[in-house]
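# Observations on the model geometry
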Amino acid sequence: MKPLSRFLALTLFLILTLTACVSATPAVTPTMTETRIDLPTATPAPTVGATPTPAQISTTDGLGRVVMLAAPAQRIISLAPSNTEILFALGAAGQVIARDSFSDFPPEVTTVPDIGSTWETLNLEQLVALQPDLVLAAGIQSPEQVKAMEDAGLTVFLVPNPVVLEDLYANLEAVGRLIGREAEATALIESLKARVAAVDAKIATINQKPTVFYELDASQDPAKPWTAGPGSFHDALIARAGGMNIAAKLDSAWAQMSLEQIVAADPDIILLGDAKWGTTPESVAQRPGWGSLRAVKEGRVIPFDDDTISRPGPRLVDALENLARILHPEIFK
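Residues numbered from 1 in each chain as written. Predicted model: local features only at pLDDT ≥ 70, side-chain atom pairs only at ≥ 80, totals over all residues. Heavy atoms only, no water.

Let us look at the overall build of the protein chain. A tally of helices and strands in the protein chain yields 12 helices and 12 strands. Residue pairs in contact within the protein chain that sit at least 24 positions apart in sequence constitute 62% of those at least 6 positions apart. Accessible surface, the protein chain as shown: approximately 14,100 Å² in total, 56% of it carbon and sulfur. (Helix = DSSP H or I, 4+ residues; strand = E, 2+ residues; numbered from the N terminus. Contact = heavy atoms within 4.5 Å. Areas by Shrake-Rupley, 256 points an atom, 1.4 Å probe, with all protein chains shown as cover.)

Written as structure tokens, this is what we have:
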């Protein structure tokens, strides 16, 4: 099995509750890509801990649970790359005592003890032995896993899955409150908002929007690669960066798109989200039938760092800026 197909296992695992299941789910192995899932909200949320007092920190997590701490957390375990990136962006590197093995940004996270992959199974004994005062979970953890950790005596906050950038800001604020980094969170949020506003202002001046095909994985069938459709951050950020995603009219956020559909749309730009796994513009040009595409002929097949857009952390704004520069180099020098 080619390593490229590793993207799909975790993505497909996560989207089972996002949209109707896509057909022909491939048998693949996991990667570090995160994506959004819809978390249950219909059942009244249980409360974790006692009724808060003014001295306690209280905030609601992605499962609707009220999570409370007597004081800001100083021993934190991160179970997802997005959470790790949030913690480091808030200046809390010294408070992180363990992280999942897929957390690889910023580079200094490698100095934090690795507790292995956490998207499928959790080693509860290991987590308890580390004696954290806060475990940060994410959408890649199930409600059942959260309950198991809670039953083991751990305080768990599941960071909500953002749908829009404004949700990201709320996550930064909530995590900042839990770890005693409220001032840092406020500064980071204002910085991110300013950067987004700068992109928005320039995009407001454009007259034309290039069409874009975003490739997630073509390792199993180059004639039918996986892409990001409506409801994905990829689609939302391409639109905000002044582009038109040719997969925007597909039936789900993650789906395969046939070469015939791609040729019919003939995108101006092809972005390779699977570049991390070895896909190159040259290899795309060598695929049967792809040489006729305008983006291939005109040299606009461009590698893209999918981690910045698939992990719902502060680097979503990096992704927006990079997309804007690629789609509109004439106004983003």
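Right, let's talk about the environment of Asp 235 for a bit. Here Asp 235 shows up in helix α7 (residues 233-240). We classify Asp 235 as buried; its relative accessible area is 15%. Contacts of Asp 235, omitting those with residues within four sequence positions, involve Gly 229, Pro 230, Asn 245 and Ala 248. (Buried < 20%, exposed > 50% of the residue type's maximum accessible area, 1.4 Å probe, protein only.)

With that settled, the discussion passes to the confidence of the model for the protein chain. Averaged over every residue, the pLDDT of the protein chain is 86; the share at 70 or more is 83%. Across residues 9-32, confidence stays below pLDDT 50; counting only partners more than four residues off in sequence or on other chains, it has 69 contacts. Segment residues 35-55 is flagged for pLDDT under 50; beyond a separation of four residues in sequence, or across chains, it makes 45 contacts in the model. (pLDDT = per-residue confidence, 0-100.)

It is the contact of α7 with helix α12 (residues 315-327), at a shortest axis distance of 9 Å, that shows an interaxial angle of 50 degrees. Here α7 lies oblique to α12, going by the angle between them. Two packed elements cross with a definite hand, and for α7 against α12 that hand is right-handed. Between α7, through Phe 233, Leu 237, Ile 238 and Arg 240, and α12, the contact on the second element is made entirely by Leu 316, Ala 319, Leu 320, Leu 323 and Leu 327. Of the residues assigned to the contact of α7 with α12, the class counts are eight nonpolar, no polar and one charged. (Axes fitted to C-alpha atoms, helices over the stretch in contact; angles between N-to-C directions. Parallel < 35°, antiparallel > 145°, perpendicular 65-115°, else oblique. Left-handed = near helix turned anticlockwise from the far one by under 90°. Nonpolar A, V, L, I, M, F, W, Y, C, P; charged D, E, K, R; others polar.)

The four strands lie next to each other as β4-β3-β5-β6, forming an open sheet whose pairing is parallel. The sheet terminates laterally at β4 (96-99) and β6 (156-158), the two strands that pair on one side only. When the angles between neighbouring strand axes are averaged without regard to direction, this sheet yields 20 degrees. As paired elements, strand β3 (residues 76-78) and β4 share three bridges and run parallel to each other. Bridging from a neighbouring strand, Ile 76 pairs with Val 96 of β4. Lying on the sheet, helix α2 (residues 81-89) is in contact with β3, β4 and β5 (134-137); it crosses β3 at an angle near 135 degrees. (Pairing = 2+ DSSP bridges.)

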